[in-house]
Amino acid sequence: MAHTSIDTQNGIIIDIHPSAGNVNDCEPYVERLKVIKEKFHLNIKKVGADRGYDTTPIHHGLKTLGITGYISPIQYDSAFKTTSHRGFTYNNENDIYLCQNKKELAFTHLMRKGETYS
């Protein structure tokens, strides 16, 4: 995988950082900005990124570097992003799980872990 940084004012690639395929795009983000600033003596004032970069470490890193980030916020209106399995309660009488809003959790599949199902 390659993490690529582009100077949008001039339309040129200024940094390519290869990494293993299991490294999330957001992990090397702030460090690569530091490298770019030092290597090219650039005064980076603004950066843009998609919602995959909307993380606390990135916002903190940008603030530390004095860079304004224009990052699409993660939409927390879906159950996937806001609810853990711990937030569900089991209704033994009906053999169902309920979320905090008393909505039924629909069964979709079993997840296999090794030789057991969870």
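Scroll up a little and you will see the structure.
Reading the values: the criteria
Residues numbered from 1 in each chain as written. Predicted model: local features only at pLDDT ≥ 70, side-chain atom pairs only at ≥ 80, totals over all residues. Heavy atoms only, no water. Helix = DSSP H or I, 4+ residues; strand = E, 2+ residues; numbered from the N terminus. Buried < 20%, exposed > 50% of the residue type's maximum accessible area, 1.4 Å probe, protein only. Contact = heavy atoms within 4.5 Å. Areas by Shrake-Rupley, 256 points an atom, 1.4 Å probe, with all protein chains shown as cover. Salt bridge = Lys/Arg side-chain N within 4 Å of Asp/Glu carboxyl O.

A. Spatial organisation of the overall build of the protein. When helices and strands are tallied, the protein shows three helices and eight strands. Ordered by position from N to C terminus, the α and β elements of the protein give β-β-α-β-α-β-α-β-β-β-β. Here the protein holds 118 residues, and the buried ones make up 21% of them. Look at the contacts in the protein between residues 6 or more apart in sequence, and 21% of them connect residues 24 or more apart. As presented, the protein carries roughly 9500 Å² of accessible surface, and 53% of it is formed by carbon and sulfur atoms.

B. Summary view of the pattern of salt bridges. Applying the stated criterion across every chain yields a total of one salt bridge. Note that Asp15 is salt-bridged to Arg32, the shortest N-O span being 2.8 Å. Pair noted here: Asp15 is in strand E2 (residues 12-18) and Arg32 is in helix H1 (residues 29-40), with a separation of 17 residues, a long-range link. Exposure class is identical for Asp15 and Arg32. Each is buried.

C. How the structure looks around the environment of Lys45. Mapping Lys45 onto the fold places it in the loop between H1 and strand E3 (46-49). In the structure, Lys45 is positioned 23 residues away from Thr68 in sequence and 6.1 Å away in space, judged by C-alpha atoms. In this structure Lys45 touches Gly66, Ile67 and Thr68, once residues within four positions along its chain are discounted.

None of the figures reported here should be taken as evidence of function without further support.
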